[in-house]
Amino acid sequence: MPATIIVGTQFGDEGKGKITDFLAEKADLVVRYHGGNNAGHTVVVGEKTYKFHLLPSGLIQGKRCCIGAGVALDPRVLIEEMKQFGQSKIELAIDHRTQIIMPWHNLQDGAREQARGRKIGTTGRGIGPCYEDRAGRNGIRFCELVEPERLRKRIAEVFPTKKRILEEIYSVNVDFSEEQVFNEYSGLGEKLKQFLGDVSLEVSTALKEGKNVLFEGAQGLFLDNDFGTYPFVTSSHPMAGGIFTGVGIGLLNDIEAIGIVKAYTTRVGEGPFLTELKGELGETIRKNGNEFGTTTGRPRRIGWLDLVLLRTSIRINGLTGIALTKADVLSGIPKLKVCVAYECGGKKLEEFPADWGVLKKCKPVYREFDGFEIDHEEKDFSKLSSEAREYIGFIEKELGVPIKFVSLGPKRSQTILR
Ligand code: GDP
Ligand code: IMO
Ligand code: MG
């Protein structure tokens, strides 16, 4: 299949990085299409752990990588992240049109959260303000970052207004000058200039030539700016369709869209979560699954698997397959629950409501399963215990999409290909 998309089906942190690395072996190009360093993708190969925020997870397999126009790129973070690999060993193209996160975006993100009546619980990485500037046509793009004279002009256009807004409206002290920003960012641009490319053209050409392109999503469907639990969402489009606007490619006939499904649900930050487990059991799963944010270290909220969310995710993402991750984390829990529908004032909902305001009146309907034990190293699906196969088989049957990969541990090797 020339194009494969890896997409988060829930609220992020499903294990997209792990599956991207696994599938990258057969890819010619690995491409990030949206989001920024709000993402945290962990990949474990042997005894080594890699944490990706901006670079595509295909790098470990030594693949050529691309950052598309739809990404919000913080150059400070990118330079730091490159040190894991050594800049000279990285084959990377960054699109001319990619929006740059500037230091005022980080300040605005924090200030906005403080000022807002209801917090969103953002990662504080300047993502929302950067995308707002893109939509408002105030953004600074990668092709401007790498050319000092253009950068100087753009900073001069934007900085005074940003400073006024931050200081006069949000009472935040802007402790850097226009000159300091220019000096630092022109230096970053100089270091990154070698990666400037037309990712739209490169990816379109690769697809036309029948090469294998792997698109690595960040976040998850329910954090999508339109189709997530707005306003408790991110500011980009994690949905599979985001590849078209995020990379700049034409519609494709042949796409494998792999949805990453965690065997339970987690969420970081605020927002509705009907199957949330607030007691001791939630704590146990958090501990066993090491459910603390890769980016911010915040404890992730934990809940039972929710098929209502997943049906909607399958539809909106057009999924052709599922990679189920972290069923091993449920090992040893005597009874497991899966939410099969929502009961809302006498009505049964099987898909997530377009207006989640109605959730106040909804209760999850659960089906109960016997617990199981899972050996991380099992390679043969048929050798998993009958209880584990029943849990996984039920999910597959209910969702009507084949579970093509079952991940049983964080390591690349701990993966069953069905
Ligand atoms: P992403 O943002 O979707 O890439 O996911 P994260 O990397 O933020 O979070 C997933 C976490 O679970 C990481 O620490 C992975 O190493 C780990 N992980 C991935 N798949 C599995 C699995 O099948 N079992 C276990 N126990 N851990 C996994
Ligand atoms: P990966 O790619 C989990 C959440 C934040 C917050 C909301 C908005 O690792 O799955 P933002 O900083 O984007 O404006 O925050 O979105 N969020 C994530 N949650 N995984 C992520 O990425 C996330 N990226 C953003 O916690 O609730
Ligand atoms: Mg993550």
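What counts, and where the lines are drawn
- Residues numbered from 1 in each chain as written.
- Chains lettered and ligands numbered in written order.
- Predicted model: local features only at pLDDT ≥ 70, side-chain atom pairs only at ≥ 80, totals over all residues.
- Heavy atoms only, no water.
- Helix = DSSP H or I, 4+ residues; strand = E, 2+ residues; numbered from the N terminus.
- Rg over C-alpha atoms; globule rule 2.2 N^0.38 Å.
- Buried < 20%, exposed > 50% of the residue type's maximum accessible area, 1.4 Å probe, protein only.
- Contact = heavy atoms within 4.5 Å.
- Areas by Shrake-Rupley, 256 points an atom, 1.4 Å probe, with all protein chains shown as cover.
- Lys, Arg positive; Asp, Glu negative; His and termini not counted.
- Charge placed at Lys NZ, Arg CZ, Asp CG, Glu CD.
- Near = heavy atom within 4 Å.
- Polar contact = N/O pair within 3.5 Å; in protein donor to acceptor, adjacent residues only side chain to side chain.
- 1 Å grid on protein atoms, 1.4 Å probe; cavity = no way out; pocket = protein on both sides within 12 Å on 5 of 7 lines; lining within 4 Å.
- Sits in = over half its atoms within 2 Å of the grid points.
- Points joined across faces, edges and corners; volume = space filled by probe spheres on them.
- Nonpolar A, V, L, I, M, F, W, Y, C, P; charged D, E, K, R; others polar.
- Domains from an automatic or database assignment.
- Salt bridge = Lys/Arg side-chain N within 4 Å of Asp/Glu carboxyl O.
- Phe/Tyr/Trp six-rings, centres within 6.5 Å; stacked < 30°, edge-to-face > 60°.
- Donors = N, O, S within 2.8 Å, 3.2 Å for Na, K, Ca; no water.
- Buried area = accessible area lost by both parts, 1.4 Å probe.

What about the overall build of the protein?
And then number 1: On a plain count of helices and strands, the protein comes out with 12 helices and 20 strands.
And then number 2: Scaling as 2.2 N^0.38, a compact globule of 418 residues should have a C-alpha radius of gyration of about 22 Å, and the protein matches this with 22 Å.
And then number 3: Judged by the C-alpha coordinates and their principal axes, the protein covers about 65 × 50 × 40 Å.
And then number 4: Here the protein, with 418 residues, has 56% of them falling under the buried criterion.
And then number 5: Long-range contacts, defined as pairs at least 24 residues apart, comprise 75% of the intrachain contacts of the protein with a sequence gap of at least 6.
And then number 6: Per element, the accessible surface of the protein, about 17600 Å² overall, is 50% carbon and sulfur.
And then number 7: For the protein, the distance from the average site of its 58 positive side-chain charges to the average site of its 56 negative ones is 2 Å.

Some points on the site of ligand 1
And then number 1: Inspection of the region around ligand 1 gives 19 residues, with Lys16, Gly40, Thr42, Asp328 and Ser407 positioned closest.
And then number 2: Interatomic distance of 2.7 Å between a backbone N/O atom of Lys16 and an oxygen atom of ligand 1.
And then number 3: Here an oxygen atom of ligand 1 and a side-chain polar atom of Thr294 are 3.2 Å apart.
And then number 4: Bound to the protein, ligand 1 loses 93% of the 590 Å² it would expose on its own.
And then number 5: Assessed atom by atom at 2 Å from the grid points, ligand 1 resides in the second largest pocket.
And then number 6: At the level of elements, helix H1 (16-24) and strand S3 (41-45) are the ones that each hand at least two residues to the shell around ligand 1.

Observations regarding the layout of surface pockets
And then number 1: Its volume calculated, the largest pocket comes out at about 730 Å³.
And then number 2: Taken together, 39 residues make up the lining of the largest pocket; nearest its centre are Asn38, Thr122, Thr123, Val233 and Thr234.
And then number 3: Looking at the lining of the largest pocket, the elements with two or more residues in it are helix H3 (103-115) and helix H4 (127-135).
And then number 4: Tallying contributions element by element places H4 first for the lining of the largest pocket, with 5 residues.
And then number 5: Of the residues in the lining of the largest pocket, the class split is 12 nonpolar, 17 polar and 10 charged.
And then number 6: Mapping the lining of the largest pocket onto the domain boundaries places at least three of its residues in each of domain 1 (3-78 + 199-417) and domain 2 (99-194).
And then number 7: Of the pockets and cavities examined, the second largest pocket occupies roughly 630 Å³.
And then number 8: Every residue lining the second largest pocket is counted, 28 residues in all, and those nearest its centre are Thr42, Gly289, Arg300, Lys326 and Pro410.
And then number 9: Contributions of two or more residues to the lining of the second largest pocket are made by H1, S3 and strand S4 (48-52).
And then number 10: Residues that form the lining of the second largest pocket fall into these classes: 5 nonpolar, 15 polar and 8 charged.

Quick look at the pattern of salt bridges
Close approach of charged atoms allows side chains with opposite charge to pair.
And then number 1: A full pass over the atoms with the stated rule returns 36 salt bridges.
And then number 2: Between Arg300 and Glu291 there is a salt bridge, with its nearest N and O atoms 2.7 Å apart.
And then number 3: Connected via shared salt-bridge partners are Asp13, Lys262, Glu291, Arg300 and Lys326.

Let's talk about the packing of aromatic side chains
And then number 1: One pass over the structure, following the stated rule, counts 14 aromatic pairs.
And then number 2: Judged by centre distance (5.5 Å) and plane angle (80°), the ring pair of Phe369 and Tyr391 falls under edge-to-face. Residue Phe369 is found in strand S18 (residues 362-370), and its partner Tyr391 is found in helix H12 (residues 386-399); the two are separated by 22 residues along the sequence.
And then number 3: Note on Phe369: relative accessible area 3%, which makes it buried.

Examining the coordination of the magnesium ion (ligand 3)
And then number 1: For the magnesium ion (ligand 3), every protein donor is listed as Asp13 (OD) and Gly40 (O), and the spread of their distances is 2.0 to 2.2 Å. Taken together, the residues Asp13 in the loop between strand S1 (3-8) and H1 and Gly40 in the loop between strand S2 (29-32) and S3 connect sequence positions 27 residues apart.
And then number 2: Relative accessible area serves as the criterion here: at 22%, Asp13 is assigned to the partly exposed category.

Thoughts on the domain arrangement of the protein
And then number 1: As assigned here, the protein comprises domain 1 (3-78 + 199-417) and domain 2 (99-194).
And then number 2: A C-alpha centroid distance of 30 Å is found between domain 1 and domain 2.
And then number 3: Across the boundary between the two partners, domain 1 contributes 25 residues, which contact 22 residues of domain 2.
And then number 4: The contact between domain 1 and domain 2 buries some 1900 Å² in all, and 57% of this surface belongs to carbon and sulfur atoms.
And then number 5: At the boundary of domain 1 and domain 2, one finds 1 salt bridge.
And then number 6: Measuring nitrogen to oxygen at the nearest pair gives 2.7 Å for the salt bridge that ties Arg76 to Glu184.
And then number 7: Our count for the domain 1 to domain 2 interface comes out at 10 residue pairs in polar contact (both at pLDDT 80 or more).

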